[in-house]
Amino acid sequence: MVVGAGLAGVRSVEALRARGYQGSITLIGEEPHRPYDRPPLSKAVLLGESDSTKVESDLDAMNVTLRTGVAAKGLRDGVLETTEGEIPYDGLVLATGAVPVRLRGEGDQHVLRTIDDALALRALFAPGVRLAVVGAGWIGAEVATAARRAGCEVVVVEAGDSPLSVALGPEAGRYTAPWYAEAGIDLRLGERVASVDPGGLTLAGGGTLEADVVLAGVGVRPSVDWLTGSEIAVEDGVVADEHLATSLPGVVAVGDCAAWWSRRFATRLRVEHWDTALNAPEVAAATLLGENAVYDPVPYFWSEQFRHMVQYAGYHVGARLVRRGDPERDATWTLCWLTDDDRLAALLTVDRPRDLVQGRRIVESGQRLDVRRVTDSSVALRDC
Ligand code: FAD
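First, a word on scope: everything that follows refers to the structure included in this document.

Criteria and thresholds
Residues numbered from 1 in each chain as written. Predicted model: local features only at pLDDT ≥ 70, side-chain atom pairs only at ≥ 80, totals over all residues. Heavy atoms only, no water. Pairing = 2+ DSSP bridges. Helix = DSSP H or I, 4+ residues; strand = E, 2+ residues; numbered from the N terminus. Axes fitted to C-alpha atoms, helices over the stretch in contact; angles between N-to-C directions. Contact = heavy atoms within 4.5 Å.

1. Things to note about the pairing of strand β13 (residues 200–203)
Each regular strand displays side chains that alternate between the two surfaces of the sheet.
Consideration 1: In the sheet, strand β12 (residues 193–197) pairs with β13 via four bridges, with the strands oriented antiparallel. Bridge pairing in β13 places Ser195 opposite Thr202.
Consideration 2: The hairpin formed by β12 and β13 contains two residues between the paired strands, and Gly199 there has a positive phi angle of roughly 95°.
Consideration 3: Judged from the three bridges that link them, β13 and strand β14 (residues 208–210) form a sheet pairing that is antiparallel. Residue Thr202 lies in a different strand from β14, and its bridge partner there is Thr208.
Consideration 4: As consecutive antiparallel partners, β13 and β14 are separated by four residues, and within that stretch Gly206 has a phi angle of approximately 105°, a positive value.

2. A short note on the sheet that holds strand β25 (residues 344–350)
Backbone-to-backbone hydrogen bonds pair the strands of a sheet. The strands run either parallel or antiparallel.
Consideration 1: Taken in spatial order, the five strands line up as β21-β22-β25-β24-β23 in an open sheet, and their pairing is antiparallel. Only two strands of the sheet have a single partner each, and these edge strands are β21 (300–305) and β23 (320–324). Each strand of the sheet is rotated relative to its neighbour by a mean of 15°, with strand direction disregarded.
Consideration 2: One ladder, built from five bridges, connects β23 with strand β24 (residues 333–338); its direction is antiparallel. Considered in β24, the bridge of Leu321 is made with Trp337.
Consideration 3: With respect to the sheet, helix α8 (residues 353–365) is in contact with β21, β22 (308–314), β23, β24 and β25, its orientation differing from that of β25 by roughly 170°.

In structure tokens:
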């Protein structure tokens, strides 16, 4: 059985069948929809270029029973408790994803996680509409991009000193700050929102900000509340080992809800990105079927914002930042994070896909780099 009918859930079903599992499979999803992809929600859907992002997967042909509109409520001894009664299982994949964090206050606020969220938000975009985006993270930047293109007056309020500061740290994120002004967006850094109230935002430092529409883009938390009281280890996500096995026998976890042990980075990672939802299920399915597989990726994600393709690979915590090219002057640039012994821990590329591809391989290989050459963007990364 697979709980959570998002990308990680569908990929789990596919991986189980691809590995020859012939038993019955039920895919349970809380949303009323068939599985769909989320990255286009803040891009093509908000831009009005697409209305549907359904995942191309023939569940019927795979003989999978899809039960939409059914939520899991708890787990015990081989039984999944759901809103539609108890369902016994022999093996279980947890793929319940993540849910957006909401702001305090009585005013209307939007979040962007589901196709319904995206269509509701898009319907409000119109020239002159005042949109306040709280949070200059990945979602905030992409929503601001789309809203501005629709002619909205956009203010982005960010508590940190730079955009993307939570994801990348203040130094890396600050190079993206000029993009907001260039797009005609009012970016307010170091400003904390106290609450969302009728008519707009109340700011923690005093004062208010009037808005017709408020979007909370302040991050997500793993969707694991339903496991409270079930005897499974949960700590900022479902705790999983390097095989994606959880603390309960016969139960694996994948995607945004899983906090797995990374052999490569010697730490527990919970990565809320598409590539993890796409690839982790291969390993989870193998584990469930008794094979010895390890999930040990170099995490990867991308974001499309302000007409830039931003890509990241690796894990930068504890590593030092080295600039490759001059982000304040060059049209395209790359930031590298290096370990104490000059190995590439992570990199962020802006419109430099070749750097990304080569850098990801270098992170994987663990080879040492000549730092002087790394800073020279005319030298291919693979030759550093
Ligand atoms: P989800 O997609 O969240 O699916 C989990 C499913 O489980 C949901 O349908 C949920 O309703 C269901 N569920 C939850 N609880 C229960 C329960 N108790 N019982 C039954 N069902 C339950 N990543 C990138 O790398 N690049 C991008 O550009 C990018 N853009 C994004 C844009 C948006 C707007 C969003 C929201 C995400 C974006 N991501 C991006 C992240 C990426 O989409 C996620 O990492 C990916 O969707 C995670 O897949 P998942 O299957 O683990 O979780």
